[in-house]
Amino acid sequence: MTNPVTHPTALGDFPVEPPAQHRRPPRHHRGMFWIAVLAALAAVASGVVITATAYINESQPQTAAVDYFQALGRGDAPGALALGDIPPGPRTYLTSQVLDAARSIAKISDVRVLSVGRLGHQAQVTLQYQLGTQQVTDTVSLVRHGRGWRLTRTAVPVQLHVAIAADRMSIAGARVPNGPVLLFPGALPVAFDTSNLQLDSASQIVHLTGGTLPPIQPQLSAAGQKRVSDAVRAVVQRSVRGRITGNLDKELPITFAPGPAGVLVISGEVAVNGSFRQLDFNNQSVLKTGNVALQIQAQCNATNPAKTVWGPTS
């Protein structure tokens, strides 16, 4: 045992302990320490990257624009409306029920951004989406809102006008109005009370940018055209000894009569090969065979083409 070293001082001699000997920690402890430090730094860096990425994604105007059309595609009316402002006007048709009616005609899918333009706190996003079998291009206007963006409008003011056959059409079970309403972009959600009628899908598209829709004009569906042709074919074959040589399914001229009832007018010629009687130069009835064009004039209701009224149209 060593004796303490004493040093003289003014106050007397006090024992002074020798300095303590520091031991180096084992190497494996130091390795674990640096591993912990590096792990902590990595976690912080990862958190910064995730936070920055979330902020960047949230602050992009195209994110809100795509989210809006994707909400329409899955039938989420409240979700779409929550992404921006609703313009003034009747909101009767801004419901999931009406949106489902539009989706049953043609569904929005495959939304993709074409271009993004920004000026200060305003932005415009041009995008394209698939609507049934058609590709539709539309433009979304947005304004800065905190860290994100909001649509300047989430519905479209549309002036509806029914040209003919109004009794056959409805929106969400109610008669189609003639006047201004608010609608979602996409297919015009007009339904018919018969599968014999349909809309021209190429012209009846609602764009978020607005614009004037043409008058709502129904047309015969493929099924309707076939049913009318079958009705005409049945009458001709009962009345004439011969066979129809023309393609009634494609060639028979069918139009709509004015008015709300949806009356179809059939007026034209039907080509028939068979036997018929014709007066000769001596005013005698002579039996002949060959091709003849029969003049057809008839009317029927779009809901029941089999019940046909023959004769000149009034």
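The coordinates are above.
An account of the accompanying structure is given in this report. Please read these numbers as outputs of a predicted model, since none were measured by experiment.

1. Looking at the overall build of the protein
Then, number 1: Counting secondary structure elements, the protein contains six helices and 19 strands.
Then, number 2: Burial status across the protein gives 33% buried among its 314 residues.
Then, number 3: The contacts of the protein with a sequence gap of at least 6 include a subset with a gap of at least 24, amounting to 55%.
Then, number 4: For the protein, the accessible area works out to roughly 18,900 Å², and carbon and sulfur atoms hold 56% of it.

2. With respect to the pairing of strand β9 (residues 179-183)
Then, number 1: β9 sits mainly inside the fold: four of its five residues count as buried.
Then, number 2: Sheet topology note: the strand β7 (residues 156-160)/β9 ladder contains five bridges and is antiparallel. Bridge pairing links Val-158 to Val-181 in β9.

3. Section: the pattern of salt bridges
Then, number 1: Enumeration according to the criterion identifies seven salt bridges in this entry.
Then, number 2: The salt bridge involving Asp-167 is made with Arg-175; its shortest N-O contact spans 2.9 Å.
Then, number 3: What makes Asp-167 partly exposed here is its relative accessible area of 36%.
Then, number 4: A salt bridge links Arg-168 to Asp-193, with the shortest nitrogen-to-oxygen separation between them at 2.9 Å. Of this pair, Arg-168 sits in the loop between β7 and β8 (169-170) while Asp-193 sits in the loop between β11 (191-192) and β12 (197-199), and the two are 25 residues apart along the sequence.
Then, number 5: Residue classification places Asp-193 among the partly exposed positions, given a relative accessible area of 45%.
Then, number 6: What you see here is one network of salt bridges that share partners, running through Lys-226, Asp-230 and Arg-233.

4. Quick look at the sheet that holds strand β4 (residues 122-131)
Then, number 1: What the four strands build is an open sheet, ordered β3-β4-β5-β6; its pairing is antiparallel. Edge positions in the open sheet fall to β3 (108-119) and β6 (148-151), since each of these has one partner strand only. Shown here is a sheet whose adjacent strand axes are inclined to one another by a mean of 35°, direction ignored.
Then, number 2: Pairing of β3 with β4, which is carried by nine bridges, proceeds in the antiparallel orientation. Bridging from a neighbouring strand, Ile-108 pairs with Leu-131 of β4.

5. Looking at the pairing of strand β5 (residues 134-145)
Then, number 1: Direction of pairing for β4 relative to β5: antiparallel, over a ladder of ten bridges. Following the sheet pairing, Gln-122 is matched in β5 by Val-143.
Then, number 2: Once β4 ends, the chain turns through two residues before running back antiparallel as β5, passing Gly-132 with a positive phi of about 65°.
Then, number 3: Looking at chain direction, β5 and β6 are connected through four bridges and run antiparallel. Pairing of Val-143 across the sheet is with Arg-150, part of β6.
Then, number 4: Hairpin connection of β5 to β6: two residues between the antiparallel strands, including Gly-146 at a positive phi of 65°.

6. Remarks on empty space enclosed by the protein
Then, number 1: Within the structure shown, the criterion is met by two cavities of 30 Å³ or more.
Then, number 2: Space inside the largest cavity adds up to approximately 50 Å³.
Then, number 3: Lining the largest cavity, in full, are Tyr-93, Val-98, Leu-99, Ala-102, Leu-183, Phe-184, Pro-185, Ala-187 and Pro-189.
Then, number 4: Of the residues forming the lining of the largest cavity, the biggest block, three residues, is contributed by helix α4 (residues 96-105).
Then, number 5: For the lining of the largest cavity, the residue count by class is nine nonpolar, no polar and no charged.
Then, number 6: Every residue lining the second largest cavity is listed: Leu-72, Leu-99, Ala-102, Arg-103, Ala-106, Ile-108, Leu-131, Pro-185, Gly-186 and Ala-187.
Then, number 7: A per-element tally of the lining of the second largest cavity places α4 first, with three residues.
Then, number 8: Here the residues of the lining of the second largest cavity sort into eight nonpolar, one polar and one charged.

7. Focus on the packing of aromatic side chains
Then, number 1: Counted by the stated rule, this structure contains two aromatic pairs.
Then, number 2: With a centroid separation of 5.2 Å and an interplanar angle of 85°, the aromatic rings of Tyr-68 and Phe-69 are classed as edge-to-face.
Then, number 3: For Phe-69, a relative accessible area of 0% corresponds to the buried category.
Then, number 4: Chaining the aromatic ring pairs together yields one cluster made of Tyr-68, Phe-69 and Tyr-129.

8. Brief notes about helix α2 (residues 61-73)
Then, number 1: For α2, which comprises 13 residues, the first-to-last C-alpha distance of 19 Å matches the rise-based estimate of 18 Å (1.5 Å per residue) to within 8%.
Then, number 2: Every buried residue belonging to α2 is among Pro-61, Ala-64, Ala-65, Val-66, Tyr-68, Phe-69, Ala-71, Leu-72 and Gly-73, and all of these are buried.
Then, number 3: The inward-facing, buried residues of α2 contact α3 (77-81), α4, β3, β4, β5 and β6.

Calculation criteria
- Residues numbered from 1 in each chain as written.
- Predicted model: local features only at pLDDT ≥ 70, side-chain atom pairs only at ≥ 80, totals over all residues.
- Heavy atoms only, no water.
- Helix = DSSP H or I, 4+ residues; strand = E, 2+ residues; numbered from the N terminus.
- Buried < 20%, exposed > 50% of the residue type's maximum accessible area, 1.4 Å probe, protein only.
- Contact = heavy atoms within 4.5 Å.
- Areas by Shrake-Rupley, 256 points an atom, 1.4 Å probe, with all protein chains shown as cover.
- Pairing = 2+ DSSP bridges.
- Salt bridge = Lys/Arg side-chain N within 4 Å of Asp/Glu carboxyl O.
- Axes fitted to C-alpha atoms, helices over the stretch in contact; angles between N-to-C directions.
- 1 Å grid on protein atoms, 1.4 Å probe; cavity = no way out; pocket = protein on both sides within 12 Å on 5 of 7 lines; lining within 4 Å.
- Points joined across faces, edges and corners; volume = space filled by probe spheres on them.
- Nonpolar A, V, L, I, M, F, W, Y, C, P; charged D, E, K, R; others polar.
- Phe/Tyr/Trp six-rings, centres within 6.5 Å; stacked < 30°, edge-to-face > 60°.
- Expected span 1.5 Å × (residues − 1).

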